[in-house]
Amino acid sequence: TARGSCAADADQFRSAVLATMRLTSPGRATYLARIKIKRGDATRAVIALTPDCGLLPSQLNEVLDLARDLKTPMTVFVLGSMIQKYPQESRAVLRRVVAEGHELALHGYSHKSFREMTYAELEDELVRNWALIDWALDYHYPMRFVRPPYGARNQQVWEWLGSLGIQAVFWSLDSTGWVGGATA
């Protein structure tokens, strides 16, 4: 695939993504809109590594090396525009993520605030993101989670995400890796 054409190639997965989203029952949508994941089980001593990937593929490879050394599973929240910008590198690193037993999740395509979007814009943002992940893996991945960019959310966003069958995940500790261009 030529650089930049992966978005067109990812279109083959759009119908599978939309069909998965449309299977969400009203009851499940309501449940997903009410339950927001911010912390794990407080009775267990665990660390949850959940990088948001605006990381370069080389940086994500470094994080994967660290997770392997620590024997720590991760959920990697993938930014679709990074796949489009680095298609072959992203394809290799996302396949590594899955092969090493980590989970992939959505972080949006463009990193725009979900609070500023209409329902149609949010759906397109997530479908584009998911279809690019599917393209990178070459199969339809069973997505469960999304982390809204900036953690920006309101009741409307929660309801919309729930209606799409995706559960919102937040954080309890911010590494501030985004401050001043830092990468950690």
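In the block above lies the structure referred to throughout.
Residues numbered from 1 in each chain as written. Predicted model: local features only at pLDDT ≥ 70, side-chain atom pairs only at ≥ 80, totals over all residues. Heavy atoms only, no water.

Before we move on, can you summarise the pairing of strand β3 (residues 103-106) with the specific residues and values?
Burial of β3 is two-sided: the residues Glu-103 and Ala-105 facing one way and the residues Leu-104 and Leu-106 facing the other way are all buried. Sheet analysis places strand β2 (residues 75-78) next to β3, joined by four bridges and oriented parallel. Across the sheet, residue Phe-77 finds its bridge partner in β3, namely Ala-105. (Buried < 20%, exposed > 50% of the residue type's maximum accessible area, 1.4 Å probe, protein only. Helix = DSSP H or I, 4+ residues; strand = E, 2+ residues; numbered from the N terminus. Pairing = 2+ DSSP bridges.)

Can you tell me about the packing of helix α4 (residues 57-70) against helix α6 (residues 87-99), naming the residues and giving the values?
Where α4 contacts α6, the two axes come as close as 9 Å, and the packing angle between them is 15 degrees. For the element pair α4 / α6, the angle class is roughly parallel. As α4 runs across α6, the sense of the crossing is left-handed. Counted together, Pro-57, Leu-60, Asn-61, Leu-64, Asp-65 and Arg-68 of α4 and Glu-89, Ser-90, Val-93, Leu-94, Arg-96 and Val-97 of α6 form the full contact between these two elements. Here the contact of α4 with α6 is built from residues that sort into six nonpolar, two polar and four charged. (Axes fitted to C-alpha atoms, helices over the stretch in contact; angles between N-to-C directions. Parallel < 35°, antiparallel > 145°, perpendicular 65-115°, else oblique. Left-handed = near helix turned anticlockwise from the far one by under 90°. Contact = heavy atoms within 4.5 Å. Nonpolar A, V, L, I, M, F, W, Y, C, P; charged D, E, K, R; others polar.)

Pulling in residues and values, what's your account of the packing of aromatic side chains?
Applying the stated rule across the entire model yields one aromatic pair. With a centroid separation of 5.7 Å and 80 degrees between ring planes, the pair formed by Tyr-119 and Trp-160 is classed as edge-to-face. Residue Tyr-119 is found in helix α7 (residues 119-137), and its partner Trp-160 is found in helix α8 (residues 155-163); the two are separated by 41 residues along the sequence. Lying across the ring of Trp-135, Arg-91 places its NZ or CZ 3.9 Å from the centre. Taking NZ or CZ as reference, Arg-128 lies 3.7 Å from the ring centre of Tyr-109, over its face. (Phe/Tyr/Trp six-rings, centres within 6.5 Å; stacked < 30°, edge-to-face > 60°. Lys NZ or Arg CZ within 6 Å of the ring centre and 35° of its normal.)

So what's going on with unusual backbone geometry? Which residues, and what values?
Positive phi is not limited to glycine here, since Lys-71 has a value of about 55 degrees. Tracing the sequence through the fold places Lys-71 in the loop between α4 and β2. On the basis of relative accessibility, which here comes to 73%, the residue Lys-71 falls in the exposed class. In this structure, Tyr-150 is a non-glycine residue whose phi angle is positive, near 65 degrees. Taking the relative accessible area as the measure of exposure, Tyr-150 reaches 58% and is therefore exposed.

Tell me about the environment of Gly-101, and name the residues and values.
Note that Gly-101 resides in the loop between α6 and β3. Between the C-alpha atom of Gly-101 and that of Pro-73, which follows or precedes it by 28 residues, the distance is 7.0 Å.

Quick one: what's the story with the nonpolar core, residue by residue and with numbers?
The biggest cluster of nonpolar side chains holds 42 residues, and the ones touching the most others in it are Leu-94, Leu-104 and Leu-126. Listing elements by their share of this core, those giving two or more residues are α1 (6-10), α2 (14-22), α4, β2, α6, β3, α7 and α8. It is α7 that contributes the most residues to this core, ten residues altogether. Filtering out sequence-adjacent residues up to four positions away, Leu-94 remains in contact with Leu-60, Val-78, Ile-83, Leu-104, Ala-136 and Leu-137. (Core = buried A, V, L, I, M, F, W, Y, C linked by side-chain atoms within 4.5 Å.)

With reference to specific residues and values, describe the pattern of salt bridges.
One pass over the structure, following the stated rule, counts seven salt bridges. We note a salt bridge from Arg-96 to Asp-65, for which the minimum N-O separation is 2.6 Å. Within this pair, whereas Arg-96 is found in helix α6, its partner Asp-65 is found in helix α4, the two being separated by 31 residues in sequence. Arg-96 sits in the buried class, given a relative accessible area of 16%. The partner of Arg-144 in a salt bridge is Glu-103, with the nearest N and O atoms 2.8 Å apart. Of the two residues, Arg-144 sits in the loop between α7 and β4 (145-146) while Glu-103 sits in strand β3, which places them 41 residues apart along the sequence. Take Arg-144: its relative accessible area is 45%, and that puts it in the partly exposed class. Within the structure, one salt-bridge network assembled from shared partners comprises Asp-65, Arg-68, Asp-69, Arg-96 and Glu-100. (Salt bridge = Lys/Arg side-chain N within 4 Å of Asp/Glu carboxyl O.)

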